[in-house]
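A look at the structure
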Amino acid sequence: MKILSPYALGATLYMPATRADLLDVVFRSKLPELRSLVVCLEDAVAAIDVETALSNLHVLLSAIHDRGGRPADGPLLFVRPRDSGMAAVLNDWPLMKHVDGFVVPKLTLRNLGAWEQAVTNPELFLMPTLETADVFNPVAMVELGQALKANLNHRIIALRIGGNDLMGGLGLRRNLATTLYSTPMGYVIPMLAGVMGSQGFALTAPVFEQLASPNLLGEEL
């Protein structure tokens, strides 16, 4: 199994699996400086569009295969399944050899076993997303980190912090005038950096989706 550094991710772009320009991004004819891409089948895709999104993903991977694989200098490519059941199906697609791994949504200690059973392909890396109520509990995070290290440590590139879902769990939304660090995430993110970082995990900052606010992005960085 190859080794991927979390620093190779850069600023990861999430794109719904329903988009028609995914191949252009993979082959750098669009967004040539992008370093990592997540094709999302989860909350970026409405339930009625799931089958269309899966078909579009298959078309994307087939096109990559027909071109002889992804370009060596192209972005890392990940898929975010809707749940462990979908991941189990994708895990068995031969075309998944053109994907670096899965972003695991809403991982908890309770559903970790289901994900372990679903993603048996050892060539697929994992980036679990911490975005449930358990994340506010440091003890729960210690236990989750220990479980991840016990069985999946060599396959995890980084843990992703789901800022929007965590804010939603508190009944809050991002304020367009302040950074995420001025919200309760200003406690959660350093706590996770300490609890998970001390166990050897790299973490990514929450997604910044307010693309019309470059000054706020600068402050958040």
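Right, let's walk through the structure included here.

The rules behind each value
Residue numbering note: each chain is counted from 1, following its sequence as written. Reporting of local features is limited, given that this is a predicted model, to residues whose pLDDT is at least 70; pairs of side-chain atoms are given and counted only at 80 or more, and all residues count toward the totals for whole chains, interfaces and linings. Side-chain calculation: all heavy atoms of the structure are included, whereas hydrogens and water are not. Each helix corresponds to a stretch of at least 4 residues labelled H or I by DSSP, and each strand to a stretch of at least 2 residues labelled E; elements are numbered beginning at the N terminus. Here the globule rule reads 2.2 Å times residues to the power 0.38, and the radius of gyration is calculated from C-alpha atoms. Burial classes follow relative accessibility: with a 1.4 Å probe on protein chains only, a residue under 20% of its type's maximum area counts as buried, one over 50% as exposed, and anything between as partly exposed. Every residue pair with non-hydrogen atoms within 4.5 Å of one another is taken to be in contact. Each direction from the helix axis to a C-beta atom contributes to the arc, which is the arc of those directions. Strand pairing is assigned whenever DSSP detects at least two bridges linking the two strands. Look down the strands so they point away from you; if going from the first strand over the helix to the second traces a clockwise path, that crossover is right-handed. Nonpolar cores were defined as sets of buried Ala, Val, Leu, Ile, Met, Phe, Trp, Tyr and Cys residues, with membership established by side-chain atoms within 4.5 Å. Pairs of N or O atoms are called polar contacts if they sit within 3.5 Å, as long as, within protein, a hydrogen donor faces a hydrogen acceptor (for residues adjacent in sequence, only side-chain-to-side-chain pairs). One speaks of a salt bridge when a side-chain nitrogen belonging to Lys or Arg is within 4 Å of a carboxyl oxygen belonging to Asp or Glu.

Counting secondary structure elements, the chain contains eight helices and seven strands. Whereas a compact globule of 221 residues would reach a radius of gyration of roughly 17 Å, the chain reaches 17 Å, a difference of no more than 12%. With the C-alpha coordinates aligned to their principal axes, the bounding extent of the chain is approximately 45 × 40 × 35 Å. Residue burial in the chain is summarised as follows: out of 221 residues, 48% are buried. Contacts in the chain between residues at least 24 apart in sequence constitute 74% of all its contacts with a sequence separation of at least 6.

This part covers helix α7 (residues 185-197). Those residues of α7 not exposed but buried are Met-185, Val-188, Ile-189, Met-191, Leu-192, Val-195 and Met-196. Buried residues of α7, seen end-on, are gathered within an arc of 165° and therefore sit on one face of the element.

Time to look at the pairing of strand β5 (residues 125-130). Within β5, six of the six residues are buried, which leaves it mostly tucked inside the rest of the structure. Burial of β5 is two-sided: the residues Phe-125, Met-127 and Thr-129 facing one way and the residues Leu-126, Pro-128 and Leu-130 facing the other way are all buried. Two strands pair when backbone bridges link them, and strand β4 (residues 101-104) and β5 are joined in this way by four bridges, in the parallel orientation. By the bridge assignment, Gly-101 is partnered in β5 with Phe-125. A crossover links β4 with its parallel partner β5, the connecting element being helix α4 (residues 112-118), and its sense is right-handed. Alignment of β5 against strand β6 (residues 159-161), held across two bridges, turns out to be parallel. Directly across from Leu-130, in β6, lies its bridge partner Ile-161.

Ranked by internal contacts, the top residues of the largest apolar core, which has 59 residues, are Leu-41, Leu-57, Leu-61, Leu-90, Phe-102, Met-141 and Leu-148. A total of eight residues in this core trace back to one element, the largest contributor, which is helix α2 (residues 50-66). Ignoring any residue separated from it by four or fewer positions in sequence, one finds Leu-57 in contact with Ala-17, Val-39, Leu-41, Val-79, Leu-90 and Trp-93. Of all hydrophobic cores here, the second largest spans ten residues; its members include Leu-76, Phe-78, Phe-125 and Ala-158.

Time to look at the side chain of Thr-204. Tracing the sequence through the fold places Thr-204 in strand β7 (residues 203-204). Leaving out residues up to four positions away in the same chain, Thr-204 has contacts with Leu-9, Ala-158, Leu-159, Arg-160 and Ile-161.

Glancing now at the environment of Leu-41. Within the fold, Leu-41 resides in the loop between β2 (36-40) and α2. Distance from Leu-41 to Leu-176, taken between C-alpha atoms, is 26 Å for residues 135 residues apart in sequence.

Let us now look at the side chain of Asp-100. By the element assignment, Asp-100 lies in the loop between α3 (84-91) and β4. A polar atom in the side chain of Asp-100 sits 2.7 Å from the side chain of Lys-2. Reaching out from Asp-100, the side chain makes a polar contact with the side chain of Arg-70 at a distance of 2.7 Å. Setting aside residues up to four positions removed in sequence, Asp-100 forms contacts with Lys-2, Leu-4, Arg-70, Leu-76, Leu-77, Phe-78, Glu-123, Leu-124 and Phe-125.

Within the open sheet, the seven strands sit side by side as β1-β2-β3-β4-β5-β6-β7. Their pairing is parallel. Every interior strand has two partners, whereas the edge strands, β1 (13-16) and β7, have only one. Across five bridges, the pairing between β2 and strand β3 (residues 76-80) is parallel. The partner of Cys-40 across the bridge, within β3, is Arg-80.

Side-chain pairs of opposite charge can arise where the charged atoms are in close proximity. Counted by the stated rule, this structure contains twelve salt bridges. A salt bridge links Asp-134 to Arg-110; the nearest nitrogen and oxygen atoms lie 3.1 Å apart. Of the two residues, Asp-134 sits in the loop between β5 and α5 (138-151) while Arg-110 sits in the loop between β4 and α4, which places them 24 residues apart along the sequence. Between Arg-174 and Glu-209 there is a salt bridge, with the nearest N and O atoms lying 3.9 Å from each other. Taken together, the residues span a long stretch of sequence, with Arg-174 in the loop between α6 (163-169) and α7 and Glu-209 in the loop between β7 and α8 (214-220) at a distance of 35 residues. By sharing partners, the salt bridges in this structure join Glu-42, Asp-43, Arg-80, Lys-106, Glu-131 and Asp-165 into a single network.

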